[in-house]
Amino acid sequence: AFAQIDVQLTRRFDLIPNLVETVKGYAKHEEGILSEFAKARGAYQAASSAGDVEGLSNANNALTSVLTRFMAVSEQYPELKANSHFTTMMQDLKETESQIAFTRQFYNDTALKYNNTREVFPAILIASICKFKMADYFKASDEAKTAPKVSF
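Residues numbered from 1 in each chain as written. Predicted model: local features only at pLDDT ≥ 70, side-chain atom pairs only at ≥ 80, totals over all residues. Heavy atoms only, no water.

Please explain the overall build of the protein chain as it appears in this structure.
Counting its regular elements, the protein chain contains 6 helices and 0 strands. For the protein chain, the proportion of its 152 residues judged to be buried stands at 32%. At a minimum sequence separation of 6, the contacts of the protein chain that also span at least 24 residues come to 77%. Accessible area for the protein chain stands at about 9200 Å²; split by element, carbon and sulfur atoms hold 57% of it. (Helix = DSSP H or I, 4+ residues; strand = E, 2+ residues; numbered from the N terminus. Buried < 20%, exposed > 50% of the residue type's maximum accessible area, 1.4 Å probe, protein only. Contact = heavy atoms within 4.5 Å. Areas by Shrake-Rupley, 256 points an atom, 1.4 Å probe, with all protein chains shown as cover.)

The following block contains the structure:
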């Protein structure tokens with residue numbers, strides 16, 4: 001289940017640079033968004049390599065914040081929304097976001113089942129002997145739960 005989240009987040013991180021380049025063709029893009037994206041991508045790659053669920057969750061939350069600001073910038077250019085390449089990539093991003101939501105839910109369901117099974121007799125005896133730890137959930141930060149303010 002964790003690997004599926006990793007696959008979808010990788011797809012998301014690979015798709016965004018193409019969107020950014022398309023938008024740059026229409027507008028002078030805010031440099032801060034690009035640097036924040038690069039930082040979030042680096043955090044994601046480090047967490048993915050380490051298998052760190054909390055780190056992946058934090059990188060995902062940072063990217064969500066960057067994407068919100070990016071979408072606000074792209075909304076300022078109506079001719080950009082008419083560009084078929086941009087529209088296709090936005091549809092791909094939308095599909096990826098849906099798949100990420102599904103895989104996060106699947107992972108959390110799997111972690112819940114594992115944690116519940118780990119706590120029931122006789123599995124709790126085996127878990128304590130083998131030092132099986134509780135699985136972490138993939139959760140959104142408090143910041144990601146509130147709508148960000150975008151200002152230019």
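Anyway, onward from the coordinates.
What should I look at first to understand the nonpolar core in this one?
Proteins that are soluble and globular tend to have nonpolar side chains buried together. Counting residues in hydrophobic clusters, the biggest one holds 23 residues, and the most contacted among them are L9, L63 and F138. Secondary structure elements with two or more residues in this core: α1 (2–24), α2 (31–50), α3 (53–75) and α5 (84–118). The greatest single-element share of this core, amounting to 7 residues, is contributed by α3. Not counting residues within four places of it along the chain, the set of residues in contact with L9 comprises Y44, L56, N60, I100 and F138. (Core = buried A, V, L, I, M, F, W, Y, C linked by side-chain atoms within 4.5 Å.)

Help me understand the pattern of salt bridges, please; the structure alone is not making it clear to me.
Charged atoms that come close allow side chains of opposite charge to pair. Throughout the structure, instances matching the rule amount to 1 salt bridge. When the shortest N-O distance is used, the salt bridge between R118 and E119 registers 2.5 Å. Accessibility expressed as a relative area gives 17% for R118, which makes it buried. Judged by relative accessible area, E119 falls into the partly exposed class, the value being 41%. (Salt bridge = Lys/Arg side-chain N within 4 Å of Asp/Glu carboxyl O.)

Would you mind showing me how to read the side chain of N60 here?
Tracing the sequence through the fold places N60 in helix α3. Ignoring anything within four residues of it in the chain, the contact list for N60 reads L9, R12, R104 and F138.

When you look at a nonpolar patch on the surface in this model, what are you seeing that I'm missing?
A grouping of Y114, F121, I124, L125, I126 and F132 is seen on the molecular surface, where their side chains present a nonpolar patch of about 590 Å² in accessible area. With 3 residues, the top contributor of residues to the nonpolar patch is helix α6 (residues 123–130). Residue position: F132 is located in the segment after α6. Look at F132 and you get partly exposed, because its relative accessible area is 41%. (Patch = residues over 30% accessible without salt bridge, like charges linked within 9 Å, V, L, I, M, F, W, Y side chains within 5 Å.)

When you look at the confidence of the model for the protein chain in this model, what are you seeing that I'm missing?
Interpreting fine coordinate detail is not advised for predicted regions of low pLDDT. For the protein chain, per-residue confidence averages 76 on the pLDDT scale, and residues scoring 70 or more make up 74% of the total. Across the protein chain, the element-wise mean pLDDT spans from 62 in helix α4 (residues 78–81) up to 90 in α6. Across residues 147–152, where pLDDT falls below 50, the model places 8 contacts with residues more than four positions away in sequence or in other chains. (pLDDT = per-residue confidence, 0-100.)

What exactly am I supposed to notice about unusual backbone geometry here?
Phi is mostly negative for residues that are not glycine, and the peptide bonds are mostly trans. Omega for the bond connecting F121 with P122 falls within 30 degrees of zero, at 5 degrees, which places this linkage in the cis form. The phi angle at K131 is positive, at roughly 60 degrees, despite the residue not being glycine. The residue K131 is located in the segment after α6 in this model. By relative accessible area, K131 is classed as exposed at 67%.

Any chance you could explain the environment of E36 here in plain terms?
Looking at the element boundaries, E36 is found in helix α2. We classify E36 as partly exposed; its relative accessible area is 33%.

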